[in-house]
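# Summary of the model geometry
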Amino acid sequence: MAPTRKNSEGLLARVNFPLYALQMLTNRHVLVAGGGGSSKSGVANGFEIFELIFDGKRFVAKEVMRHETGPKVVMNCASYFDNKNTFLVAGQESHCQLYRIAISVDKEDVIPENNKSNGALEQNNLRKRKSGKGNDASNIPESNKSSPRKCLKFKFNAQDSVQTDFSETEPIQRVIRISRCGKLMATGGTDGHVRLWTFPALKSVRNINAHTKELDDIDFSPDSKTLVSVSKDGKAFIWNVTNGKQIFDLTWNVPNGVKYLFKRCRYGPIEEDKRKSRIFTISNCMTGPTSSNTVSPGILHQWCGETGTVKKSVALSETLSALAVRDDGTFLAVGTMFTGSVAVYIAFSLQCVMNVKGAHSMFVTGLELLPSQGCSISSHSEAAVLSISVDNKICIHSLPYRRTLPPWIVIVLIMITLFCTFFFCSYIGL
């Protein structure tokens, strides 16, 4: 049984607007986006960037900057770094806005030891910086307190904007993804079309009339040659990126009288063979239990990326809302709709290794697993996942390294076993 944790253990920060999108900009900088929309409620729309720091005991977040987008709420976004430039694309109603993010390195002074606070997880400590001097010293690792820290500064530069959804009633971009190779961008919206664009030029490449209802999610394969899409029409398809043709659809044996709808989809590489991939989907039951079937509210599926066949599935006790897969394909995370819980699974076996009950007070809108390589703060745990919700909270949940026997104990046990076996065989005359 997976260990269950309290919901307060992973609180990083609170913002003053609902959160809908989450991205890692660097190995230790996280971007969150959302807002209150065009209504005159006083709730802002835009982005906020935090730096993640591990102080030796826990994760803390330091606010780096905030960028407001006026009356347009940001419902989805994706980022890409090409060794020279950092790009961000964001869905703002029916359009996709491209930003080029300028990153500069600066030094900040360290607050003297006798001026540091108790480090309580309060909103002011998490979100407010002392004028020009960085954040509270309790958020600075011990190794960095003796000298000025290098910090990154971010500046958003708005570039092109293109319309990506053309629904006749209410055009809205629902989802956006950038291919792993960084050459293509895919968008989906309420008109059910999957549109491919060059990136970062944002020139139209292909328009796929993929679904009869609005898109819920899309994702590129690790080799950027195929694309998976799921929709409210209950369908999930794999598409050839080169010619836009359907390769196969994802189907499974649904119990009689029960209707499930796909909610999210993600590709994940196979660790032992990077040329192959898995597809992960979450689905939710849309009807109640029948007299002959016990219905699970949510199902997590693992599919073969090359054939589109089901490899494994896990029935879950809650309705699901979010899905994320780590960059190396070893772990995945799911978020729930009604309890705001977050769970982490081993990707190849779908074994649950951590379950954070009530991580949020409302449904989870986004998840992001910290990268497996180049992220020093993730080295303190086997895996760590960020989560956001419309409750304005940013949380992090870390999976401690699972305990294994030390090598010397294993060797001793083997020697004892061999000795006992030899002694027994001698005793019975073998």
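Residues numbered from 1 in each chain as written. Predicted model: local features only at pLDDT ≥ 70, side-chain atom pairs only at ≥ 80, totals over all residues. Heavy atoms only, no water.

### Here's the deal with the environment of G305
Our working definition: Secondary structure elements are taken from DSSP: a helix is a run of H or I of four residues or more, a strand is a run of E of two residues or more, and numbering for both begins at the N terminus. When checking whether two residues touch, look at their non-hydrogen atoms; a contact exists if any pair is within 4.5 Å.
One can find G305 in the loop between β21 (298–304) and β22 (310–316). The residues contacting G305, other than those within four sequence positions of it, are F248, S277, R278 and I279.

### Remarks on the UniProt feature "transmembrane region" (unreviewed entry) in the protein chain
The line we're drawing: UniProt positions are given in the numbering used here, feature names are shortened, and annotations may be inferred rather than shown by experiment.
Listed under "transmembrane region" (unreviewed entry) in the UniProt record, and renumbered for this structure, are residues 331–353 and 408–429. The straight-line gap between the two end C-alpha atoms of residues 331–353 is 10 Å; of that span, 0% is helix and 61% is strand.

### Here we look at the sheet that holds strand β4 (residues 29–35)
Short version of the rule: In this scheme, strands are said to pair when DSSP sees at least two bridges between them. To get an axis, fit a line to the C-alpha atoms, keeping to the stretch in contact for a helix; angles then go from 0 to 180 degrees between the N-to-C directions.
Strand order in the open sheet made by the 4 strands is β3-β4-β5-β6, with antiparallel pairing throughout. Each edge of the sheet is formed by a strand with only one pairing partner; in this case those strands are β3 (19–24) and β6 (59–68). Going across the sheet, the axis of each strand differs from the next one's by a mean of 25°, ignoring polarity. Note: β4 against strand β5 (residues 45–54), 7 bridges, orientation antiparallel. Across the sheet, G35 pairs through a bridge with N45, a residue of β5.

### Some remarks on the packing of aromatic side chains
To be explicit about the condition: Two aromatic rings from Phe, Tyr or Trp, using only the six-membered ring of Trp, form a pair when their centres are within 6.5 Å; if the ring planes differ by under 30 degrees the pair is stacked, by over 60 it is edge-to-face, and anything between is tilted. Accessibility here uses a 1.4 Å probe with only protein chains present; expressed as a share of the type maximum, an area under 20% marks a residue as buried, one over 50% as exposed, and anything in between as partly exposed.
Evaluated as defined, the whole model comprises 9 aromatic pairs. Here F54 and F59 contribute two aromatic rings whose centre-to-centre distance is 5.0 Å and whose plane-to-plane angle is 65°, an arrangement assigned as edge-to-face. Here F54 falls in the buried class, since its relative accessible area comes to 15%. By relative accessible area, which is 9% here, F59 ends up buried. Judged by centre distance (5.5 Å) and plane angle (65°), the ring pair of F237 and W239 falls under edge-to-face. W239 gets classed as buried once you look at its relative accessible area, which sits at 6%. In textbook terms, an aromatic cluster arises when at least three aromatic residues are bridged by ring pairs, as seen for F47, Y99 and F156.

### A closer look at unusual backbone geometry
Here the bond from F199 into P200 is cis, since omega is 5°, no more than 30 degrees from zero. Mapped onto the secondary structure, P200 falls in the loop between β13 (194–198) and β14 (204–208). The backbone phi angle of N83 is positive, close to 75°, even though this residue is not glycine. Its location among the elements puts N83 in the loop between β7 (76–81) and β8 (86–92). Looking at N83, the relative accessible area reads 68%, which means it is exposed.

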